[in-house]
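Fold and geometry: a report
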Amino acid sequence: AQTVTQSQPEMSVQEAETVTLSCTYDTSESDYYLFWYKQPPSRQMILVIRQEAYKQQNATENRFSVNFQKAAKSFSLKISDSQLGDAAMYFCAYRIKAAGNKLTFGGGTRVLVKP
Amino acid sequence: DAGVIQSPRHEVTEMGQEVTLRCKPISGHNSLFWYRQTMMRGLELLIYFNNNVPIDDSGMPEDRFSAKMPNASFSTLKIQPSEPRDSAVYFCASSGSWGNTIYFGEGSWLTVV
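This paragraph deals with the packing of aromatic side chains. Counting across every chain of the model gives 14 aromatic pairs over all chains. Ring geometry for A:Phe68 against A:Phe75: centres 6.3 Å apart, planes inclined by 85 degrees, an arrangement best described as edge-to-face. Ring centres of A:Phe105 and B:Tyr35 lie 5.6 Å apart, and the angle between their planes is 85 degrees; on these two criteria the pair is classed as edge-to-face. Here B:Tyr35 lies in strand β4 (residues 31–38) and A:Phe105 lies in strand β11 (residues 103–105), a pairing that spans two chains. Classification of B:Tyr35 as buried rests on a relative accessible area of 1%. Here a set of aromatic residues connected by ring pairs shows up, and it is made of A:Phe35, A:Tyr37, A:Phe91, A:Phe105, B:Phe33, B:Tyr35, B:Tyr48, B:Phe91 and B:Phe104. Directly above the aromatic system of B:Trp109 lies the positively charged group of A:Arg43, at a separation of 5.1 Å from the ring centroid.

Encoded structure:
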C-alpha cells in the first residue's frame, strides 16, 4: 500500500525559532511529487511547498524549506523564524503518476507557536 | 483569478435528508477531486474525475454517495439519505495536467443531526 506517515502529532515552537516537521512515505515508483499543505483553523488547505522527485535540489519558499532524502523516502519541512500565523495543521502528501492523479495525505502535524 | 468555489459553506441537515454539495473548479483545470476530512479518518479521497470522467471512485463509502461532473466547470457530490456519520468537511479540489499542484476549495462543513 502507498502510505504517507507523519510521526509527530504535535510540535511546539517559540516565535522566531525554527521547527522541523517529519514525513516519510512509501512507494516503489520513481515519478512522483511531494507537497506540504497548511490548514489553519479556517480549514482552508493552503499549499506551502512542493518538490519534484526527479529534482535533487531541495525546494524553498521564503521561510519554508524541505529536506528531501529520496533514498530514505523522507521529506521534512523546516519553518524558520516562526510566526504566530504559522500555527496550523500541516499535512505532507504525495502524488504518484502510476497511482493515478490523486493526492495521498499523511495524518498531519499540529504546530503551536508560543509568543 | 477565482479559486475552487464550493457551496454551501455550511449545512446542517436532519438524518435521512438529501444533501447536495457543489463545486466549480478553476477554469482550465481538467482534474477534479472530492475529499472528505474527519477527525477519525483524516483526509480521504472519495472520487476524482479527469476530463469530466470518473477515474477512481473507490473511496466512495457506499451507495448513498454519488458524484457527477456534467461539464468542465461544475461537479456535485450527493448524499442520499444522509446519516450523522456523514458529518465532515468535504473539500473539492482541482488541478491541471499531471504534475501540477492541486488547489482546494474552502470546504463544505456538513453536520447531520
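Quick look at the interface of chain A and chain B now. In this assembly, 21 residues from chain A lie in contact with 22 residues from chain B. Buried surface at the junction of chain A and chain B, summed over both partners, amounts to about 1,900 Å²; 56% is from carbon and sulfur atoms. Taken as a group, A:Arg43, A:Arg95 and A:Asn101 account for 31% of the area that chain A buries against chain B, more than any other trio of residues on that side. Across the chain A-chain B interface, the total number found is one salt bridge. Linking A:Lys102 and B:Asp56 is a salt bridge whose minimum nitrogen-to-oxygen distance equals 3.2 Å. Ranked by the residues each element gives to the side of chain A that touches chain B, the list is headed by strand β5 (residues 32–39) of chain A, at five residues.

What follows concerns the state of the cysteines. With the rule as written, the count across this model stands at two disulfides over all chains. Linked covalently through their sulfurs, A:Cys23 and A:Cys92 form a disulfide whose S-S length is 2.0 Å. The chirality of the disulfide connecting A:Cys23 with A:Cys92 is left-handed, given an S-S dihedral of about -70 degrees. Linking A:Cys23 in the loop between β3 (19–21) and β4 (24–26) with A:Cys92 in strand β10 (residues 88–96), this pair joins segments that are 69 residues apart in sequence. Here A:Cys92 falls in the buried class, since its relative accessible area comes to 1%. Paired by a disulfide, B:Cys23 and B:Cys92 hold their sulfur atoms 1.9 Å apart. Taking the sign of the torsion about the S-S bond as the criterion, the disulfide between B:Cys23 and B:Cys92, at about -70 degrees, is left-handed. Taken as a pair, B:Cys23 in strand β3 (residues 19–24) and B:Cys92 in strand β9 (residues 88–95) lie far apart in primary sequence, 69 residues in all.

About the thresholds
Residues numbered from 1 in each chain as written. Chains lettered and ligands numbered in written order. Predicted model: local features only at pLDDT ≥ 70, side-chain atom pairs only at ≥ 80, totals over all residues. Heavy atoms only, no water. Phe/Tyr/Trp six-rings, centres within 6.5 Å; stacked < 30°, edge-to-face > 60°. Helix = DSSP H or I, 4+ residues; strand = E, 2+ residues; numbered from the N terminus. Buried < 20%, exposed > 50% of the residue type's maximum accessible area, 1.4 Å probe, protein only. Lys NZ or Arg CZ within 6 Å of the ring centre and 35° of its normal. Contact = heavy atoms within 4.5 Å. Buried area = accessible area lost by both parts, 1.4 Å probe. Salt bridge = Lys/Arg side-chain N within 4 Å of Asp/Glu carboxyl O. Disulfide = S-S within 2.5 Å.

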